[in-house]
Amino acid sequence: MNIRKKDIEQYLFEIKEAVENNRYRIDRNVRRQNNIDLFLKYVIDEVKAKEIILSLNVMDFSKILQNEHKGYEYERLYVFGKDVVLLERSGTEEKVVSLYIKFNKLDNCFVIVISFHEQKYPLTYYFK
(Lines give C-alpha, C1' and ligand atoms only; values in the text may rest on other atoms or scores of the structure.)
Protein backbone atom coordinates (compact mmCIF):
# COMPACT_ATOMS: atom_id res chain seq x y z
CA MET A 1 0.00 0.00 0.00
CA ASN A 2 1.39 3.37 -0.99
CA ILE A 3 0.67 5.85 1.79
CA ARG A 4 1.57 9.50 1.31
CA LYS A 5 2.53 11.87 4.11
CA LYS A 6 0.01 14.45 2.94
CA ASP A 7 -2.81 11.89 3.22
CA ILE A 8 -1.85 11.09 6.82
CA GLU A 9 -1.49 14.82 7.59
CA GLN A 10 -5.04 15.35 6.27
CA TYR A 11 -6.35 12.39 8.28
CA LEU A 12 -4.71 13.77 11.45
CA PHE A 13 -6.12 17.22 10.74
CA GLU A 14 -9.63 15.73 10.61
CA ILE A 15 -9.03 13.64 13.75
CA LYS A 16 -7.78 16.66 15.68
CA GLU A 17 -10.67 18.81 14.48
CA ALA A 18 -13.15 16.20 15.76
CA VAL A 19 -11.30 15.89 19.09
CA GLU A 20 -11.13 19.67 19.58
CA ASN A 21 -14.90 19.80 19.00
CA ASN A 22 -15.53 16.89 21.41
CA ARG A 23 -16.81 14.69 18.57
CA TYR A 24 -14.95 11.61 19.77
CA ARG A 25 -14.86 8.94 22.43
CA ILE A 26 -12.25 6.60 23.79
CA ASP A 27 -13.68 3.08 23.90
CA ARG A 28 -13.68 1.72 27.44
CA ASN A 29 -15.90 -1.33 27.43
CA VAL A 30 -15.43 -5.02 28.24
CA ARG A 31 -13.67 -5.64 24.92
CA ARG A 32 -11.25 -2.76 25.58
CA GLN A 33 -9.77 -3.76 28.94
CA ASN A 34 -6.31 -2.53 27.84
CA ASN A 35 -7.74 0.99 27.46
CA ILE A 36 -9.27 0.81 30.94
CA ASP A 37 -5.99 -0.51 32.38
CA LEU A 38 -4.04 2.53 31.14
CA PHE A 39 -6.32 4.83 33.16
CA LEU A 40 -6.02 2.56 36.21
CA LYS A 41 -2.24 2.12 36.07
CA TYR A 42 -1.29 5.76 35.40
CA VAL A 43 -2.46 9.21 36.46
CA ILE A 44 -4.27 10.10 33.25
CA ASP A 45 -7.68 11.60 32.61
CA GLU A 46 -9.73 12.71 29.61
CA VAL A 47 -7.92 16.05 29.44
CA LYS A 48 -4.49 14.40 29.32
CA ALA A 49 -5.69 11.83 26.78
CA LYS A 50 -7.02 14.64 24.59
CA GLU A 51 -3.66 16.46 24.84
CA ILE A 52 -1.86 13.31 23.73
CA ILE A 53 -4.14 12.84 20.73
CA LEU A 54 -3.75 16.49 19.74
CA SER A 55 0.05 16.13 19.94
CA LEU A 56 0.20 13.35 17.33
CA ASN A 57 2.03 14.06 14.10
CA VAL A 58 2.68 12.28 10.82
CA MET A 59 5.89 10.71 12.17
CA ASP A 60 3.80 8.89 14.82
CA PHE A 61 1.89 7.03 12.08
CA SER A 62 2.40 3.27 11.91
CA LYS A 63 -0.13 1.57 9.62
CA ILE A 64 -3.66 1.25 8.27
CA LEU A 65 -5.69 -1.83 9.15
CA GLN A 66 -8.90 -3.22 7.69
CA ASN A 67 -11.73 -3.41 10.22
CA GLU A 68 -12.33 -7.12 10.79
CA HIS A 69 -15.76 -6.80 12.45
CA LYS A 70 -18.61 -8.26 10.41
CA GLY A 71 -20.48 -5.56 8.55
CA TYR A 72 -17.69 -3.00 8.97
CA GLU A 73 -15.06 -4.46 6.63
CA TYR A 74 -15.12 -1.27 4.53
CA GLU A 75 -13.70 0.77 7.44
CA ARG A 76 -10.01 1.55 7.66
CA LEU A 77 -8.39 1.92 11.06
CA TYR A 78 -5.32 4.10 11.48
CA VAL A 79 -2.63 3.15 14.00
CA PHE A 80 -0.28 5.61 15.68
CA GLY A 81 2.26 5.31 18.46
CA LYS A 82 3.43 7.94 20.93
CA ASP A 83 5.92 7.97 23.79
CA VAL A 84 4.56 10.00 26.69
CA VAL A 85 5.64 10.59 30.28
CA LEU A 86 3.03 9.42 32.77
CA LEU A 87 2.98 9.19 36.55
CA GLU A 88 2.35 5.73 37.96
CA ARG A 89 -0.87 5.71 39.99
CA SER A 90 0.54 3.46 42.73
CA GLY A 91 3.93 4.98 43.31
CA THR A 92 5.85 8.16 42.76
CA GLU A 93 7.69 7.34 39.55
CA GLU A 94 7.19 9.00 36.22
CA LYS A 95 7.67 6.63 33.34
CA VAL A 96 7.99 6.90 29.58
CA VAL A 97 5.06 4.92 28.26
CA SER A 98 4.82 3.87 24.60
CA LEU A 99 1.17 4.15 23.60
CA TYR A 100 -0.73 2.28 20.89
CA ILE A 101 -3.48 4.52 19.50
CA LYS A 102 -5.97 3.29 16.88
CA PHE A 103 -8.65 5.48 15.32
CA ASN A 104 -11.83 4.86 13.39
CA LYS A 105 -13.07 8.07 11.77
CA LEU A 106 -16.72 7.62 10.84
CA ASP A 107 -18.36 9.18 7.79
CA ASN A 108 -20.10 11.74 10.00
CA CYS A 109 -16.66 12.92 11.23
CA PHE A 110 -17.15 11.35 14.66
CA VAL A 111 -13.97 9.64 15.88
CA ILE A 112 -13.81 6.45 17.88
CA VAL A 113 -10.50 5.89 19.63
CA ILE A 114 -10.59 2.11 19.53
CA SER A 115 -7.22 1.61 21.19
CA PHE A 116 -5.52 3.93 23.66
CA HIS A 117 -3.17 1.80 25.74
CA GLU A 118 0.40 0.68 26.30
CA GLN A 119 2.02 -0.98 23.31
CA LYS A 120 2.23 -4.74 23.67
CA TYR A 121 4.87 -4.91 20.93
CA PRO A 122 7.06 -2.15 19.49
CA LEU A 123 5.50 -0.44 16.49
CA THR A 124 7.13 0.11 13.14
CA TYR A 125 6.68 3.71 12.02
CA TYR A 126 5.87 4.18 8.35
CA PHE A 127 7.76 7.44 7.79
CA LYS A 128 10.73 6.87 10.12
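Residues numbered from 1 in each chain as written. Predicted model: local features only at pLDDT ≥ 70, side-chain atom pairs only at ≥ 80, totals over all residues. Heavy atoms only, no water.

Visitor: Can you lay out the side chain of S115 for me, pointing to particular residues and giving the numbers?
Guide: Tracing the chain through its elements places S115 in strand β5 (residues 111–118). Aside from chain neighbours lying at most four places away, what touches S115 is N35, Y100, I101 and K102. (Helix = DSSP H or I, 4+ residues; strand = E, 2+ residues; numbered from the N terminus. Contact = heavy atoms within 4.5 Å.)

Visitor: How would you explain unusual backbone geometry if you had to name every residue and give the values?
Guide: A positive phi angle, near 55 degrees, is found at N22, a position not held by glycine. Tracing the chain through its elements places N22 in the loop between α1 (5–20) and β1 (24–26). Take N22: its relative accessible area is 52%, and that puts it in the exposed class. The backbone of C109 sits at a positive phi, close to 70 degrees, despite the residue not being glycine. Topologically, C109 is positioned in the loop between β4 (94–105) and β5. Judged by its relative accessible area of 44%, C109 falls in the partly exposed class. (Buried < 20%, exposed > 50% of the residue type's maximum accessible area, 1.4 Å probe, protein only.)

Visitor: With reference to specific residues and values, describe the pairing of strand β3 (residues 76–87).
Guide: Relative to β3, strand β2 (residues 61–66) runs antiparallel, the two sharing five bridges. In the strand pairing of β3, F61 is matched with F80. Relative to β4, β3 runs antiparallel, the two sharing 10 bridges. Within β4, the position partnered with V85 by the bridge is V96. (Pairing = 2+ DSSP bridges.)

Visitor: Got a sec to walk through the nonpolar core? Specific residues and values, please.
Guide: If you look at soluble globular proteins, the nonpolar side chains tend to sit buried side by side. In this structure, L38, F80, F103, V113 and F116 are the most contacted members of the largest nonpolar core, which totals 32 residues. Counting only elements with at least two residues in this core, the list comes to α1, β1, α2 (33–41), α3 (46–54), β2, β3, β4 and β5. Take this core: its biggest share by element is six residues, from α1. Apart from the residues within four sequence positions on either side, V113 is in contact with Y24, R25, I26, D27, N35, I53, I101, K102 and F103. (Core = buried A, V, L, I, M, F, W, Y, C linked by side-chain atoms within 4.5 Å.)

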